[in-house]
Structure formats: C-alpha cells, structure tokens
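# Descriptive analysis of the structure
Below are the chains, spelled out letter by letter.
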Amino acid sequence: MPFINVMTNSEIKDKTALKNELGKAIEAIPGKSEAWLMIKTEDKADMYFKGSDEPCAMFEVAIFGKSTDAAFDDLTKRICKISEEQLGVKAERTYVKYSEIDRWGYNNFNF
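This structure is a prediction, so every number in the text was calculated from the model and none was measured.

### Brief notes about the overall build of the protein chain
Helices and strands together make up the secondary structure of the protein chain, namely two helices and six strands. Its helices and strands taken in sequence order, the protein chain reads β-α-β-β-α-β-β-β from the N to the C terminus. Relative to the globule expectation of 13 Å for 111 residues, the C-alpha radius of gyration of the protein chain, 14 Å, shows essentially globular dimensions. Each principal axis of the C-alpha distribution contributes one length, and for the protein chain these read about 40 × 30 × 25 Å. By residue count, 39% of the 111 residues in the protein chain fall in the buried class.

### With respect to the side chain of Arg 93
Tracing the sequence through the fold places Arg 93 in the loop between helix H2 (69-87) and strand S4 (94-101). For the buried Arg 93, no salt bridge is present, and the opposite-charge side chain at shortest range is Glu 54, 4.5 Å distant. Among the polar contacts made by the side chain of Arg 93, one reaches the main-chain carbonyl oxygen of Phe 49 at a distance of 3.3 Å. Contacts of Arg 93, omitting those with residues within four sequence positions, involve Phe 49, Lys 50, Ser 52, Glu 54, Pro 55, Cys 56 and Ala 57.

### Quick notes on the sheet that holds strand S2 (residues 38-42)
Sheet strands line up and pair through hydrogen bonds in the backbone, either parallel or antiparallel. Spatially, S2-S1-S3-S4 is the arrangement adopted by the four strands of the open sheet, whose pairing is mixed. Of all the strands in the sheet, just S2 and S4 have a single pairing partner and so form its edges. Across the sheet, the axes of successive neighbouring strands diverge by a mean angle of 10°, strand direction being ignored. As paired strands, strand S3 (residues 57-64) and S4 are joined by eight bridges and run parallel to one another. Its bridge partner lying in S4, Phe 59 is registered against Val 96. In the packing of helix H1 (residues 15-25) onto the sheet, the strands contacted are strand S1 (3-8), S2 and S3, and the crossing angle to S2 comes to about 140°.

Rules used in this analysis
- Residues numbered from 1 in each chain as written.
- Predicted model: local features only at pLDDT ≥ 70, side-chain atom pairs only at ≥ 80, totals over all residues.
- Heavy atoms only, no water.
- Helix = DSSP H or I, 4+ residues; strand = E, 2+ residues; numbered from the N terminus.
- Rg over C-alpha atoms; globule rule 2.2 N^0.38 Å.
- Buried < 20%, exposed > 50% of the residue type's maximum accessible area, 1.4 Å probe, protein only.
- Lys, Arg positive; Asp, Glu negative; His and termini not counted.
- Salt bridge = Lys/Arg side-chain N within 4 Å of Asp/Glu carboxyl O.
- Polar contact = N/O pair within 3.5 Å; in protein donor to acceptor, adjacent residues only side chain to side chain.
- Contact = heavy atoms within 4.5 Å.
- Pairing = 2+ DSSP bridges.
- Axes fitted to C-alpha atoms, helices over the stretch in contact; angles between N-to-C directions.

In structure tokens:
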C-alpha cells in the first residue's frame, strides 16, 4: 500500500507517463508494486526552494511497513531521474520524503 504525493511548481505534461514511471520505480521497495500504488499529483504549485522559484519538486512516499536504507536509496535515485525526465526538475532541486506506516486502513478494515 504505497502512496506517492508529487508536488511541483512546473507543469506535469504527461501524467500518465509519470504514473507509469512511478509504478515501475516503487518496485525498488521489496514487496511493493503498482498494483496497490496510489498517486496524487499537484503541478504549477506555489513552491520555492533555496529562495528561488526555479523548477523544484517534492515527492512524499508513504509505505505500509518497513524497508531498508538500500531500497530507499535506490528509490530516491529512481525518483530523481523521473523528476528530471517527466517534470524537467533537476535532481538537486528535488526532495523525497519517506514515511513508514504501522497501520493502514482500506476497505473497512486495517492492516
């Protein structure tokens, strides 16, 4: 049950391509796949990074359970590449935030 929230001040020109690439990238986390991935996108947001409104992006990734530092490192590299290719945002202007969740509700029950 991963969730990725994508916020950027640039325009997301092809949301389907972004979704497809994130669907592949989430597989860097063992046991996670696009089959349970939910994605939220927000483009053209009022965002500043290092005092500048040059293109920047924030990816918030929440997963049910725990993962390893190596898996998160791999996913960060994948997301930074996606940010550059799909959003036109350089890796040095991209943040990735991770949350590991103990409880996750779905379909009237909790995991």
